[in-house]
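# Reading the structure
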Amino acid sequence: MSYQWHFGVIGDYWFVFLRGGLATIWITLGSAALALVLGLPLGLLRGSQRRLLRLPATAYIEFVRGTPALVQIVWIYYCLPLLTGLRLDPVTTIVLAIGLHAAAFVAEIFRAGVNAVDRGQLMAAYSIGMGHLQALRRIILPQAVRKMIPPFINEFASLIKLTTLGSVIAVYELLHAANGLIATVYRPLEIYTFLALAFFVVIYPIICLSQWAERYFARRI
Amino acid sequence: MTGQPPSEPVLRVEQLRKSYGRLDVLRGIDFSVAAHERVVVIGPSGSGKSTLLKCLNFLEPYEGGRVVFDGELVGWVERGGRRVRAPEKTIKRMRQRIGMVFQNFNLFPHMTILENVVEGPIQVLRQPRAEAVAIADELLRKVGLTDKRDAYPSTLSGGQQQRAAIARALAMRPRLMLFDEPTSSLDPELVGEVLEVMKALAIEGMTMICVTHEMSFARDVASRVIFMDEGMIVEEGPPETVFTAPQQERTRAFLARVIH
C-alpha cells in the first residue's frame, strides 16, 4: 500500500469539525439532562412496591433496552409525525430519542444503586424514628449515589458515542459533518481516522474517570 | 415520659403471632417487661428470637396479638373493628423511644461516628446541634470512643462499631433498649468490651431486652431469662432457676448443648 496521507486537510477544514463538534456537545448535554430528569423518577417507580406504578415503568425500561437505539431514532423521526402530525426537527429528534433511550439505562443504574445499599441501613434509620422519605434522603440515597456515579459516567461515555447515530437523520453532528466534508474533498481515510481518534481522546479519559471513581468510592464506604 | 403508674409495665406482649407465608415464626408469645428489668432471650437458631425483637418496634409487622409499649398499641390502630396500620407519625414516635442495636451494627458508613450519634437527635428529635453534640460526646466518652468521634465506621473494629451503635441508640434517650444478638458477629476477643458497656447500662437501670448466645451475660446481668423454641416461650424465670434448675426438658437439652 502506498497511500499518501494528507492530514493537512483536517487543519484546512477545522471549522467543519468545530461546527460538528459543537453540535455533538449540545446533543450530548441535552440528552444527558433529559435522561437524568426522566431516569431518576423512572428508577424510583421501577423499584416501587405498588404494581400500578412499577409495571408501566418496567415495561418502558424493558422495551427501550430490548430495541436498538437506531430503530428508536428513525421511528421517532419518521413514524411519530405520521401518527401524531407532530413534526420535530432533526436536532430535537435526536436529543429526545437519545434522552429517552438513555433514561431507561439511568433508571436501571438508579435502581441498582438503591438496591445495593444494605437493608440493615433502612432498619437502622427506622429504628431511630425516621420515616421512609427521610431515611431515603438522609441514609439510603447518599450511599446509593456513590455507587451510581461510576456507572453514570460510563453511561455518559456511551451517550457521546450514540450521538453519531444522528447522522442518519441528517443532524449536523461530527460524523455527519465528516461525511459532508468527505463528499467535497474525498479524503475518507484521513477524515474518518481523525474522527475516530478525536472521539477516543474525549471518551477514553471519561472511562478512566469512571474506573477511578469506582476505586475511590470503594475505599470510602 | 414516665407518666405511667408504677404498676404499668414498659412493654406488654399478648398472644403475639407472626408468620412468613405458611411458616409460623411466632406462635403466641406472652410476656411483659417492667421498668428497669433486664430480660435476656435465649434459644436455638430459628426459634424466632430476632423476629420477636423486630416485632416489638414494628420493624416487622406482626399479625396476631398485641404489643403494648408505654400503654400504647404498637403498629396498629383499631378502626371499625378492623386493624389498620397506624399512621407513620405514630410509629415513628414509638420508635424514637425504643433503642435498637443490631447484630451487624448498621452504622451509617457515609457519616463519622459523631455524625452517626447526632443524626437521630438532630434530624428526628430536632435538637439544636450544639446540644446534640454535647450529649453525643458524653455518650462516646461513656462507651470509650472519644478518640474515634471523627473517624468513619469502616476504620473501626467490630467491637468499636457496636459500641458506637449503642451510643447512637442511647442518644435518642430511649425508654427501652433492644439488643439483637449484639455480639454474634464479633471476634471472640472483642465480645467483652461490648458486654461491659451493656452491663454498665444495666447497672444504671436501663430497661432492656437482649437476644444473645452469651450465657455468662444472661447469668450475670439478666433479671429474667426467657427460653424460646419453635416460636413459643418454653420457660421463663430468674437466671439462677433457668440455668441451674430448668423445669422443661427442652430447656435442659438446649443448655446442655450451649454450656460447656
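Residues numbered from 1 in each chain as written. Chains lettered and ligands numbered in written order. Predicted model: local features only at pLDDT ≥ 70, side-chain atom pairs only at ≥ 80, totals over all residues. Heavy atoms only, no water.

## Observations concerning the overall build of chain A
- Looking only at helices and strands, chain A has 9 helices and 0 strands in total.
- Secondary structure elements of chain A, listed N to C terminal, follow the sequence α-α-α-α-α-α-α-α-α.
- For chain A, the spread of C-alpha atoms along the principal axes amounts to about 75 × 50 × 30 Å.
- Within the span of chain A, comprising 221 residues, buried residues form 42% of the whole.
- Accessible surface computed for chain A: about 12000 Å², of which carbon and sulfur atoms make up 69%.
- The positive charge centre, built from 18 side chains, and the negative charge centre, built from 9, are 14 Å apart in chain A. (Helix = DSSP H or I, 4+ residues; strand = E, 2+ residues; numbered from the N terminus. Buried < 20%, exposed > 50% of the residue type's maximum accessible area, 1.4 Å probe, protein only. Areas by Shrake-Rupley, 256 points an atom, 1.4 Å probe, with all protein chains shown as cover. Lys, Arg positive; Asp, Glu negative; His and termini not counted. Charge placed at Lys NZ, Arg CZ, Asp CG, Glu CD.)

## Points about the pairing of strand β3 (residues 38-42) of chain B
Residue and element names in this part refer to chain B.
- With respect to burial, β3 is a largely interior element, 4 of its 5 residues being buried.
- Both β3 and strand β11 (residues 224-229) contribute to a ladder of 4 bridges, which runs parallel. Looking at β11, one finds that Val-40 is bridged to Val-225. (Pairing = 2+ DSSP bridges.)

## Focus on the pairing of strand β2 (residues 23-33) of chain B
All names here are of chain B.
- The sheet contact formed by strand β1 (residues 11-20) and β2 spans 8 bridges and is antiparallel. From the neighbouring strand, Leu-11 faces β2, where its bridge partner is Val-33.
- Hairpin remark: β1 followed by β2, antiparallel, with 2 residues in the connecting loop; positive phi at Gly-21, about 60°.

## Some remarks on helix α5 (residues 90-116) of chain A
- Spanning 27 residues, α5 of chain A covers 39 Å between terminal C-alpha atoms, matching the ideal 39 Å at 1.5 Å per step.
- Residue Asp-89 of chain A occupies the N-cap position of α5 of chain A, its side-chain oxygen lying 3.1 Å from the main-chain nitrogen of Val-91 of chain A. (Expected span 1.5 Å × (residues − 1). Polar contact = N/O pair within 3.5 Å; in protein donor to acceptor, adjacent residues only side chain to side chain.)

## A short note on empty space enclosed by the protein
- This structure, assessed with the given rule, holds 2 cavities of 30 Å³ or more.
- A volume near 50 Å³ is recorded for the largest cavity.
- Forming the walls of the largest cavity are Glu-72, Leu-73, Val-74, Gly-75, Ala-86, Thr-90, Ile-91 and Met-94 of chain B.
- Broken down by secondary-structure element, the contributors of at least two residues to the lining of the largest cavity are β5 (72-73) and α2 (88-96) of chain B.
- No other element matches the 3 residues that α2 of chain B contributes to the lining of the largest cavity.
- Taken as a whole, the second largest cavity encloses approximately 30 Å³ of empty space.
- Around the second largest cavity, the lining residues are Ser-127 and Ile-128 of chain A together with Gly-99, Met-100, Ala-165, Arg-168 and Ala-169 of chain B.
- Secondary structure elements with two or more residues in the lining of the second largest cavity: β8 (98-101) and α5 (158-170) of chain B.
- Taken together, the residues of the lining of the second largest cavity break down into 4 nonpolar, 2 polar and 1 charged. (1 Å grid on protein atoms, 1.4 Å probe; cavity = no way out; pocket = protein on both sides within 12 Å on 5 of 7 lines; lining within 4 Å. Points joined across faces, edges and corners; volume = space filled by probe spheres on them. Nonpolar A, V, L, I, M, F, W, Y, C, P; charged D, E, K, R; others polar.)

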